[in-house]
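# A look at the structure
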Amino acid sequence: MRCATVDADGERLWGVIVEGGFVALSPDFPQWPGLRDVIAAQGLAEVEAAAIGRAVTHAAFSYAPPIPDPGKIICVGVNFPDRNAEYKDGQEAPPNMSLFPRFASSFTGHGQPLIRPPESHQLDYEGEIAIVIGRGGRRIPASRAYDHIAAVTLCNEGTIRDWVRHAKFNVTQGKNWDRSGAMGPWLVPFRDAAQLDDVRITTRVNGELRQDDRTARMLFPIRRQVEYISTFTTLEPGDIIVTGTPTGAGARFDPPRFLVPGDVIEVSAEGIGTLVNTVEDEA
């Protein structure tokens with residue numbers, strides 16, 4: 001099942017993507033205004049049952065981020081061995097993960113353009129897998145972390161590179177430009193550890209393979225991410241953890257290869273799909 005949030009006929013809807021288009025299910029579940037509410041109510045199985053045999057309701061629509069209104073978006077930085085080496089600071093991988101927040105307004109949906117602002121042309125890509133929390137909790141042990149995941153999706157964690165260097169201790173400024181990143185196209189319900197433990201993730205720019213790695217090589221596996229993050233903050237249904245990007249972002253080329261208008265970026269992962277975005281300058 002591929003659950004999506006879309007805009008069609010002047011309204012926002014949620015439902016499922018099937019062969020031939022979109023099946024709107026939100027009218028059948030008025031108690032759940034969005035997919036975040038579906039997840040909070042543990043309603044994905046009910047939605048899946050309701051989708052069986054349904055005809056396409058919309059052939060024309062545009063994608064929004066699957067969960068447009070997450071409570072928290074927490075991103076894990078420098079989470080692959082080669083990414084740590086890219087920094088060329090001689091340091092071994094740290095004992096704990098680097099984290100930063102992103103705001104919902106910094107993301108757009110599948111098929112939409114990433115926006116390059118006039119203040120900087122250093123817009124970069126970062127292909128990642130994101131997990132959606134289904135059952136909330138605090139101090140969740142790693143052994144039970146997967147019990148708290150409802151779904152998985154893809155993220156292009158677009159970054160304005162020079163703005164991540166504006167201060168000594170944080171990267172928040174460079175990570176939160178409006179519509180600089182994307183999430184989607186849809187949510188895939190999480191049912192099995194194989195969906196996360198050793199999954200290939202790739203990023204292509206204009207068809208050229210730029211990033212290619214597997215989740216099994218993460219410095220901080222996803223179970224550990226849930227455990228560590230839930231130590232200091234209560235995770236709630238609909239919260240999103242963006243789990244880390246492989247080496248190969250544009251900033252690491254010599255010279256750097258930042259995104260320009262007209263570029264096409266494709267983030268793919270086994271079992272999830274492909275998130276595709278273009279680039280436009282801010283109007």
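Placed above this text is the structure.
Criteria and thresholds
- Residues numbered from 1 in each chain as written.
- Predicted model: local features only at pLDDT ≥ 70, side-chain atom pairs only at ≥ 80, totals over all residues.
- Heavy atoms only, no water.
- Helix = DSSP H or I, 4+ residues; strand = E, 2+ residues; numbered from the N terminus.
- Buried < 20%, exposed > 50% of the residue type's maximum accessible area, 1.4 Å probe, protein only.
- Contact = heavy atoms within 4.5 Å.
- Pairing = 2+ DSSP bridges.
- Axes fitted to C-alpha atoms, helices over the stretch in contact; angles between N-to-C directions.
- Polar contact = N/O pair within 3.5 Å; in protein donor to acceptor, adjacent residues only side chain to side chain.

## Let's talk about the environment of Ser-98
Tracing the chain through its elements places Ser-98 in strand β6 (residues 98-101). With relative accessibility at 38%, the residue Ser-98 sits in the partly exposed group. In sequence terms Ser-98 and Gly-250 are 152 residues apart; their C-alpha atoms lie 20 Å from each other. Once residues within four sequence positions are removed from consideration, Ser-98 is found in contact with Cys-75, Val-76 and Gly-77.

## Remarks on the pairing of strand β1 (residues 3-8)
A large share of β1 lies buried, amounting to 5 of its 6 residues. Direction of pairing for β1 relative to strand β2 (residues 11-18): antiparallel, over a ladder of 6 bridges. By the bridge assignment for β2, Ala-8 is matched with Glu-11. Of the pairings in the sheet, the one linking β1 to strand β4 (residues 62-63) comprises 2 bridges and is antiparallel in character. Bridge pairing in β4 links Val-6 to Tyr-63.

## Digging into the sheet that holds strand β14 (residues 200-205)
Strands sit in the order β8-β18-β17-β14-β15 across an open sheet of 5 strands; the sheet is mixed. The open sheet has two edge strands with one neighbour each: β8 (113-116) and β15 (208-214). Adjacent strand axes in the sheet meet at a mean angle of 20°, parallel and antiparallel pairs treated alike. Here β14 runs beside strand β17 (residues 264-269); their pairing, made up of 5 bridges, is antiparallel. Its bridge partner lying in β17, Val-205 is registered against Ile-265.

## Notes on the environment of Arg-138
Mapped onto the elements, Arg-138 comes out in the loop between β10 (127-133) and β11 (149-156). Through-space distance from the C-alpha of Arg-138 to that of Phe-232 is 7.8 Å; in sequence the pair is 94 residues apart. Here Arg-138 is in contact with Ser-230, Thr-231, Phe-232, Thr-233 and Thr-234, once residues within four sequence places are set aside. Among the polar contacts made by the side chain of Arg-138, one reaches the main-chain carbonyl oxygen of Thr-231 at a distance of 2.9 Å.

Function-wise, these values are silent; they only describe arrangement.
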